Amino acid sequence: MAAGGELQLLGCWYSPYAIRAKVALGLKGLSYEYIEQDLFSKSDLLLKSNPVHKKVPVLIHAGRPVCESLVVVQYVDETWPETGPPLLPAGAHDRATARFWAAFIDDDKFFQPWRRLMRSTTDEQRAEAFKNVVPQFEILEQGFTECSKGKAFFGGDAIGLADIALGSFLLWFKVVDEVSGTKLLDEGKFPGLAAWAEQFLAVDAVREAMPEFERLLVHYKGFLAGLASPAAPAG
């Protein structure tokens, strides 16, 4: 389905934040021109469209940019409310709750422990980082139980904002598990999230937005090799 005005999406194939925008556009059935970005040699279009953060994704609608992934998802939902399923619930409290959990996923309290696991290059680092990630997933498991009310998604019967926020990282969780020998979404520890992840990844718009697992795995191993190099920057 064509959008009301030309749509372009500036993204990077392995960016979970760009995946969020792709999922939102796919769920709404909107057509758009995808423009891949090299994050190590940023295009003039990206720098012009997002001069503050200089990051993807950027959605350009009729020549006007919309930046930051969760803002893009909400913009898509608000601009095309009659197209495809709603990505935010109708009730004010439910909308606030969805925004809270989406913000939690991007907050340092959740994201930084997992980032340390993702950037770990030794078994000792991975064991310590994984130990610190588990409590954050315990919080998410509780949040999912409360939000879903026994249904498939954080958004209930259909994918919503919080689902997109967390789901964009699912393939990254899997490649990190593959390399680290961990299992973040363990069915025994996190039955709700484990079942949610399977159902989320089974949705057509999600599958189409995700990179190939093997390609992402190769990319991640190359990233780790760069971190392990003596010349790698700290941080």
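Each value, and the rule that gives it
Each chain carries its own residue numbering, running from 1 in the written order of its sequence. Totals for whole chains, interfaces and linings use every residue, but because this is a predicted model, local features are given only for residues with pLDDT of at least 70 and side-chain atom pairs only at 80 or more, for both listing and counting. The side-chain numbers reported here are obtained from all heavy atoms of the structure, hydrogens and water having been left aside. UniProt positions are given in the numbering used here, feature names are shortened, and annotations may be inferred rather than shown by experiment. Helix and strand assignments follow DSSP, with helices taken as H or I runs no shorter than four residues and strands as E runs no shorter than two, numbered in order from the N terminus. By definition, residues are in contact when any of their heavy atoms lie within 4.5 Å. To get an axis, a line is fitted to the C-alpha atoms, and for a helix only the part in contact is used. The angle between two axes follows their N-to-C directions and goes from 0 to 180 degrees. Here is the rule for angles: anything less than 35 degrees is roughly parallel, anything more than 145 is roughly antiparallel, 65 through 115 is roughly perpendicular, and the remaining ranges are oblique. Working rule for handedness: look at the near helix, and if it is turned counterclockwise from the far one by less than a right angle, call the crossing left-handed; if clockwise, right-handed. Relative accessible area decides the class of each residue, using a 1.4 Å probe on protein chains only: under 20% of the type maximum gives buried, over 50% gives exposed, and in between gives partly exposed. Think of it this way: Lys and Arg go in the positive column, Asp and Glu in the negative one, and His and the chain ends go nowhere. When a carboxyl oxygen of Asp or Glu is within 4 Å of a side-chain nitrogen of Lys or Arg, the pair counts as a salt bridge. Contacts described as polar in this section are N or O atom pairs within 3.5 Å, which, within protein, must combine one atom able to donate a hydrogen with one able to accept it, while residues neighboring in sequence count only if both atoms come from side chains. DSSP calls a pair of strands paired once it identifies at least 2 bridges connecting them. For a helix, the expected span equals 1.5 Å multiplied by the residue count minus one. Think of it as the arc spanned by the lines of direction from the helix axis to the C-beta atoms. Throughout, nonpolar core names a set of buried Ala, Val, Leu, Ile, Met, Phe, Trp, Tyr and Cys residues whose side chains join them through atoms within 4.5 Å. Method remark: on a 1 Å grid restricted to protein atoms, a set of points is classed as a cavity if a 1.4 Å probe fits but cannot get out and as a pocket if it is open with protein on both sides within 12 Å along at least five of seven lines; lining residues have an atom within 4 Å of a point. Grid points are joined across faces, edges and corners, and a volume is the space filled by probe spheres set on the points. Residues were grouped as follows: Ala, Val, Leu, Ile, Met, Phe, Trp, Tyr, Cys and Pro as nonpolar; Asp, Glu, Lys and Arg as charged; and all remaining residues, including Gly, as polar.

The protein is annotated in an unreviewed UniProt entry as Glutathione S-transferase from Urochloa decumbens. Looking at the protein in UniProt, the text filed under Function (unreviewed entry) is "Is involved in the conjugation of reduced glutathione to a wide number of exogenous and endogenous hydrophobic electrophiles." For the record of the protein, the UniProt heading Subcellular location (unreviewed entry) holds the text "Cytoplasm, Cytosol".

Engineer: How should the environment of Val72 be read in this particular structure?
Structural biologist: When you line up the elements, Val72 lands in helix α3 (residues 69-79). Filtering out sequence-adjacent residues up to four positions away, Val72 remains in contact with Ala21, Leu59, Val66 and Cys67.

Engineer: I'm lost on the packing of helix α5 (residues 108-118) against helix α6 (residues 123-148) in this one. Help?
Structural biologist: Running from N to C, α5 and α6 cross one another at 150 degrees; their axes reach a closest spacing of 8 Å. The pairing of α5 with α6 is recorded here as roughly antiparallel in orientation. α6 is crossed by α5, and the crossing has left-handed handedness. Contacts between α5 and α6 involve Lys109, Phe110, Pro113, Trp114, Arg116 and Leu117 on the former and, on the latter, Arg126, Ala129, Phe130, Asn132, Val133, Gln136, Phe137, Ile139 and Leu140.

Engineer: Would you explain the side chain of Asp163 in this entry?
Structural biologist: Summarising the element assignment, Asp163 is placed in helix α7 (residues 161-167). Despite its burial, Asp163 pairs with no opposite charge, the nearest such side chain being Lys149 at 12 Å. Polar side-chain contacts of Asp163 include one of 2.7 Å to the backbone nitrogen of Phe154. What Asp163 contacts, discounting residues up to four positions off in sequence, is Phe153, Phe154, Gly155, Ala158, Ser168, Trp196 and Phe200.

Engineer: Explain the sheet that holds strand β2 (residues 33-36) to me, please; I cannot follow it from the model alone.
Structural biologist: Across a sheet, strands are paired by hydrogen bonds formed along the backbone, either parallel or antiparallel in direction. Pairing within the open sheet is mixed, and its four strands lie in the order β2-β1-β3-β4. Either end of the sheet is taken by a strand with one partner, and the two such strands are β2 and β4 (64-67). Along the sheet, successive strands turn relative to each other by an average axial angle of 20 degrees, direction set aside. When strand β3 (residues 58-61) meets β4, the two strands line up antiparallel, connected through four bridges. Note that in β4 the partner of Ile60 across the bridge is Pro65. Most of the contacts of α3 go to β4, to which it runs at about 125 degrees, and overall it touches β3 and β4.

Engineer: Hey, could you run me through helix α11 (residues 213-228) in this one?
Structural biologist: Given 3.6 residues per helical turn, the α-helix brings residues three or four places apart onto the same face. Look at α11: 22 Å from first C-alpha to last across 16 residues, which is about the 22 Å you get at 1.5 Å a residue. Within α11, burial applies to Leu216, Leu217, Tyr220 and Leu224. Down the axis of α11, the sector holding all buried residues measures 100 degrees, keeping them to one side. For α11, the exposed residues set more than 90 degrees away from the buried face come down to Glu214 and Val218.

Engineer: How should I be thinking about the nonpolar core in this particular structure?
Structural biologist: Grouped burial of nonpolar side chains is what soluble globular proteins tend to show. Residues Trp114, Leu193 and Trp196 are the most contacted members of the largest nonpolar core, which totals 76 residues. Examining the composition of this core, we find that eight residues originate from one element, α6, more than from any other. Residues within four places of Leu193 in sequence aside, it is in contact with Phe137, Leu140, Glu141, Phe144, Phe154, Leu166 and Leu185.

Engineer: In this structure, what is going on with the layout of surface pockets? I would like to understand it.
Structural biologist: To find leftover empty space, one rolls a probe the size of a water molecule over the atoms. Taken as a whole, the second largest pocket holds about 410 Å³ of empty space. As for the second largest pocket, its lining consists of 25 residues, and the residues nearest its centre are Pro89, Cys147, Phe154, Gly155 and Gly156. Breaking the lining of the second largest pocket down by element, the ones donating at least two residues are α4 (92-106), α6 and α7. For the lining of the second largest pocket, a count of residues per class yields 13 nonpolar, six polar and six charged.

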